[in-house]
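Results of the structural survey
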Amino acid sequence: MMQRIIEITEDGSHTLCVPELNERYHSSHGAIRESRHIYLEAGLHHCVKPEVNLLEIGFGTGLNAFLTLLDAERSEKTVTYTTLERYPVSLAEAEKLNYCKLLDPSREGSFLQLHTSAWGEWVEITPFFRMKKLAADAGRLEDFRPETLFDVIYYDAFAPGKQPRLWTEEIFCRLYALSSPGATLTTYCAKGAVRRMFQSAGFRVERLPGPPGKREILRAVKLM
Ligand SMILES: C[S@@+](CC[C@H](N)C(=O)[O-])C[C@H]1O[C@@H](n2cnc3c(N)ncnc32)[C@H](O)[C@@H]1O
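Throughout what follows, the structure given in this document is the object of discussion. Position numbers for residues start from 1 in each chain and track the written sequence from start to end. Where local features are concerned, this predicted model is filtered to residues with pLDDT of at least 70; where side-chain atom pairs are given and counted, the filter is 80 or more; whole-chain, interface and lining totals use all residues.

**Some details on the packing of helix α6 (residues 169-177) against helix α7 (residues 192-201)**
Working convention: axes come from line fits to C-alpha atoms, limited for helices to the stretch in contact. Angles between N-to-C directions cover 0 to 180 degrees. For helices the rule is a DSSP run of H or I covering at least 4 residues; for strands it is a run of E covering at least 2, with both sets numbered from the N terminus onward. Running from N to C, α6 and α7 point in directions that differ by 45°, and their axes come no closer than 8 Å. The orientation of α6 with respect to α7, classified from their angle, is oblique. Considering only the axes of α6 and α7, their crossing is right-handed. Contact with α6, carried on its side by Glu169, Phe172, Cys173 and Tyr176, involves Met197, Phe198, Ser200 and Ala201 of α7 and no other residues of that element. For this scheme, ten residues count as nonpolar: Ala, Val, Leu, Ile, Met, Phe, Trp, Tyr, Cys and Pro. Four count as charged, namely Asp, Glu, Lys and Arg, and the remainder, Gly too, count as polar. For the contact of α6 with α7, a count of residues per class yields six nonpolar, one polar and one charged. By definition in this entry, angles of less than 35 degrees are roughly parallel, angles greater than 145 are roughly antiparallel, angles of 65 to 115 are roughly perpendicular, and the rest are oblique. Crossing handedness is read from the near helix: turned anticlockwise from the far helix by less than a right angle, it gives a left-handed crossing, and turned clockwise, a right-handed one. Note on contacts: each residue gets a C-beta atom placed from the backbone, and two residues are in contact if those atoms are within 7 Å.

What follows is the structure in structure tokens.
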């Protein structure tokens, strides 16, 4: 993978930038604010089940996973979290990220465990949060055979302009097939072409107001 550097976003939280792609892992208007808005509030909280099977595309810094872990404890929901990542962040990079300092300094152990836990195995990080990280290519979902369907999907790949092969109708059809009835998928990308591909795959798609710096985001729902 290319070189990555840490940047501070407008809410004070870190993100990673890949200069070669001119691409950031989060919005420069606030990484924590963006993750909470798109994946927690529009995605996870839209699911009313007490036990949630969740799939994330792009584990990256682990910020979505960490916010979900904290949220699962607060709401006493059990989250089973599967995440796909092709270019893992190193422990040395993860140790420099300021998410624990901003969110809950006492939980640094859990945050680092997200990064140190073995790949390809279920790991119980807390009684409310178990996780399996897969070192897999999200562009090859045909090779991905999960044990269960997913209730919530965080679609957090790099932007379509940078990684067009991860924004195809074929991938969205595979995600539809991997979703449980009533499942919710959220993503930061609200481009018309992406919205239409989610619709063609079978999802009902809503455009929702985005976090600061982003007019709209998408929520795609698999109807019951
Ligand atoms: C927008 S960032 C995700 C941010 C992440 N969810 C977080 O909370 O930090 C996109 C992520 O997708 C990963 N990625 C890029 N290509 C991939 C691929 N083909 N398969 C799986 N993950 C990929 C990148 O390494 C990066 O971690």
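More follows now that the structure is in view.
**Thoughts on the packing of helix α1 (residues 31-41) against helix α2 (residues 63-75)**
Remark: α1 packs on α2, axes separated minimally by 10 Å, with the N-to-C direction vectors making an angle of 65°. In this view, α1 runs roughly perpendicular relative to α2, as classed from their interaxial angle. For the crossing formed where α1 meets α2, the hand is right-handed. Seen from α1, the contacting residues are Ala31, Ile32, Ser35, Arg36, Tyr39 and Leu40; seen from α2, they are Leu63, Asn64, Leu67, Thr68 and Asp71. Tallied by class, the residues present in the contact of α1 with α2 amount to six nonpolar, three polar and two charged.

**Comments concerning the site of the ligand**
Taken together, 19 residues sit near the ligand, with Gly58, Gly60, Thr61, Arg86 and Ala138 positioned nearest. Per-class residue counts for the shell around the ligand are eight nonpolar, seven polar and four charged. Nearness here has a simple definition: the residue's C-beta atom, placed using the backbone, must lie within 6 Å of the molecule or strand.

**Notes on unusual backbone geometry**
Located in the positive-phi region is asparagine 22, a residue other than glycine, with phi close to 50°. Within the secondary structure, asparagine 22 sits in the loop between β2 (14-18) and β3 (23-24).

**Section: the nonpolar core**
For our purposes the nonpolar core covers buried Ala, Val, Leu, Ile, Met, Phe, Trp, Tyr and Cys residues that link as a set through C-beta atoms within 7 Å. Think of it as a crowd count around each C-beta: if 20 or more other C-beta atoms lie within 10 Å the residue is buried, if 12 or fewer it is exposed, and in between it is partly exposed, with C-beta placed from the backbone throughout. Membership of the largest hydrophobic core comes to 52 residues, with the highest contact counts inside it found for Phe66, Ile153 and Phe198. Here the element with the most residues in this core is α2; it accounts for six residues. Setting aside anything within four residues of it in sequence, one finds phenylalanine 198 in contact with Phe172, Phe203, Val205, Leu218 and Ala220.

**Some remarks on the sheet that holds β3**
A pair of strands counts as paired when DSSP detects no fewer than two bridges linking them. Within the open sheet, the three strands sit side by side as β1-β2-β3. Their pairing is antiparallel. Sheet topology places β1 (5-8) and β3 at the edges, where each strand pairs with a single neighbour. Here β1 pairs with β2 via four bridges, running antiparallel. When the bridges of β2 are listed, glutamate 7 appears paired with threonine 15.

**Re α2**
Between its first and last C-alpha, α2 extends 18 Å over 13 residues, near the 18 Å set by a 1.5 Å rise per residue. Among the residues making up α2, those that are buried are Leu63, Asn64, Ala65, Phe66, Thr68, Leu69, Leu70 and Ala72. Of the residues trailing α2, glutamate 76 is marked for its positive phi of about 55°. For a helix, the expected span equals 1.5 Å multiplied by the number of residues minus one.

**Regarding the environment of cysteine 189**
Tracing the backbone shows cysteine 189 in the loop between β9 (179-187) and α7. Since 21 C-beta atoms lie within 10 Å of it, cysteine 189 is described here as buried. With 28 residues separating them in the primary sequence, cysteine 189 and isoleucine 217 have C-alpha atoms 5.8 Å apart. Once you skip the residues sitting within four places of it in the chain, cysteine 189 turns out to touch Ala159, Pro160, Val194 and Leu218.

**Here's the deal with the sheet that holds strand β7 (residues 129-134)**
Adjacent strands of a sheet form backbone hydrogen bonds with each other and so pair up, either parallel or antiparallel. The mixed open sheet is built from eight strands, whose spatial order is β6-β7-β5-β4-β8-β9-β11-β10. The open sheet has two free edges, formed respectively by β6 (123-126) and β10 (204-209), since each of these has just one partner strand. This sheet shows a mean twist of 20° between the axes of neighbouring strands, independent of strand direction. Pairing of β9 with strand β11 (residues 216-221), which is carried by four bridges, proceeds in the antiparallel orientation. Looking across to β11, one finds that leucine 185 is bridged to alanine 220.

**Observations concerning the pairing of β10**
On any regular strand, side chains alternate: one points to one face of the sheet, the next to the other face. Relative to β11, β10 is paired through six bridges, and the arrangement is antiparallel. Paired with arginine 207 across the two strands is leucine 218, which belongs to β11. The antiparallel hairpin formed by β10 and β11 contains six residues in its connecting segment, where glycine 213 sits at a positive phi of about 90°.

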